[in-house]
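These are the residues of each chain, in order.
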Amino acid sequence: MQYDVFVIGAGMAGAAVAKKCAKAGLKTAISDFRSYGGTCALRGCDPKKVLIDGASLQEQVQRHLGKGLSGEVKIDWGELMAFKDTFTDPVPENMEKGFEKAGIDTYHVPVSFLNESTLQVGQEEITAEKIVVVSGARPKELDMPGAVHAITSDDFFNLSQLPKHITFLGGGYISFEFAHLVARAGASVTIIEHGPRPLKHFEQDMVDELVRVSKEAGIDIRLNCQAKRITQHGSGYEVSLEGEAGRGTLVTGLVVSAIGRVPEVGQLNLEKGNVVHGRKGIEVNGYLQSTSNHRVYAAGDVADTQGLPLTPVAVYEGHFLATNIIKGNSKKVNYPEIPTVVFTIPSLASVGLTESQAQEQGLNYQVNTHDATQWFNGRRHRANAYFYKLLVSKTDGSILGAHLVGPLAEETINIYALAMKAGMKARDLKSFLFSYPTMASDVSYMT
């Protein structure tokens, strides 16, 4: 069998590429060894937000008890997970129907390179003029004695029962999001982070606020601490720890490894396809084409690009990639300011430069920062944290970075991202007449 385009990976980016190429008249096929839908739709962004929304609503009710609300609201873990399944279960079949309707051949088998233009697709050998790798990322393997006892973030989404205590290894966004979720559902939680700071890629002033409210929610955060071994302990586990406080053990009902994600390239035999890759993924040029095999293109988490490992970025890159396949290499990726969010309760959101990055670049800037918990919106939400930090250029008044922690920060940050992409100045936002009283209306006071 021969195709014009063969896409490896049936997530959001793979779907965007395959459908765009098929619409242009190219004979296109797609394969994934896992269910169609990819990380975001099945074991990432979408189901996570459904679960977090339930916990956030429960938190809001608790904060408003005695302020017009009464009674008790508890999370029923089984029901919440079943509701989540109503979003994820239909995805694979719906995606396959969409591919078939678009005239795209579908495969459900692992794929590996035999040479630069030939693939082993299950039991078949298939050649393709262009091969697109959008296989995403997978949880990084835990390397320690007893690692087999830990589950990954992927496994967490199939957790039918909630243990009394859960330990998360790693101080990144996955640990914090899940920790906030299960803490509201009644579990005791410990986060183990080997470094001195969690969420190190975010503005640290905002992270400090998130750490504070996390501890208030009962989450035990242990920094400068490493898990060295996991052993079976009755119906649960014992985690051996080593850190600045010395050595110790932690008894827990479940260990979740959330130490990061790595490009999903292990089974592809990229060497046989002459596809150069490194720790960050497949090496590509500005057109998202492999630097070593001109037939191969890559996008998303599996590609070594400047884009953040986020689904919207993968889809964005996918559209550029498809255009370059259809029309020839004519469109280099130009990355806009990309907002990113930690969906905790409350959420942490960021776009643009952190202050440390602005300092490293030697920029001339001013900082607008304040505790907004006593502002109207902070008070009506009964917010236990509502902080912002805005970096504004003293040279031209442009917005260099915006960082928020507080109610609906995941929505407000988009105002700043849009303004930065449009080249608006801080004064433009300050003078804008937002609808009131909305969270967005606070932007004019923050700026």
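Keep in mind the model is a prediction, meaning the values are calculated, not measured. (Residues numbered from 1 in each chain as written. Predicted model: local features only at pLDDT ≥ 70, side-chain atom pairs only at ≥ 80, totals over all residues. Heavy atoms only, no water.)

(A) The arrangement of the pairing of strand β2 (residues 28-31) in detail. Neither face of β2 is exposed, since Thr28 and Ile30 on one face and Ala29 and Ser31 on the opposite face are all buried. Bridge count between strand β1 (residues 2-8) and β2: four bridges; the pairing is parallel. Counterpart to phenylalanine 6 in the pairing with β2 is alanine 29. Viewed along the sheet, the connection from β1 through helix α1 (residues 12-23) into β2 turns out right-handed. (Buried < 20%, exposed > 50% of the residue type's maximum accessible area, 1.4 Å probe, protein only. Helix = DSSP H or I, 4+ residues; strand = E, 2+ residues; numbered from the N terminus. Pairing = 2+ DSSP bridges. Right-handed = clockwise from strand over helix to strand, strands pointing away.)

(B) Up close: the pattern of salt bridges. One pass over the structure, following the stated rule, counts 21 salt bridges. Here glutamate 242 ties to arginine 247 by a salt bridge, and the two come within 3.3 Å at their closest N and O atoms. The class of glutamate 242 is partly exposed, set by a relative accessible area of 33%. (Salt bridge = Lys/Arg side-chain N within 4 Å of Asp/Glu carboxyl O.)

(C) Here's a closer look at the sheet that holds strand β24 (residues 387-393). Read across the open sheet, the five strands follow the order β21-β22-β25-β24-β23; overall the sheet is antiparallel. Bordering the open sheet on either side are β21 (340-342) and β23 (365-371), each of which pairs with just one other strand. The average undirected angle you get between the axes of adjacent strands in this sheet is 10 degrees. By the bridge criterion, three bridges tie β21 to strand β22 (residues 347-352) in an arrangement that is antiparallel. Bridging from a neighbouring strand, valine 342 pairs with leucine 348 of β22. (Axes fitted to C-alpha atoms, helices over the stretch in contact; angles between N-to-C directions.)

(D) A look at the sheet that holds strand β11 (residues 219-222). The strand order across the open sheet built from five strands is β8-β15-β9-β10-β11, with neighbouring strands paired in parallel fashion. Taken across any chain shown, the strands that pair with only one partner, and hence form the sheet edges, are β8 (151-152) and β11. With five bridges joining them, strand β9 (residues 165-169) and strand β10 (residues 188-192) adopt parallel strand pairing. Directly across from threonine 167, in β10, lies its bridge partner threonine 190.

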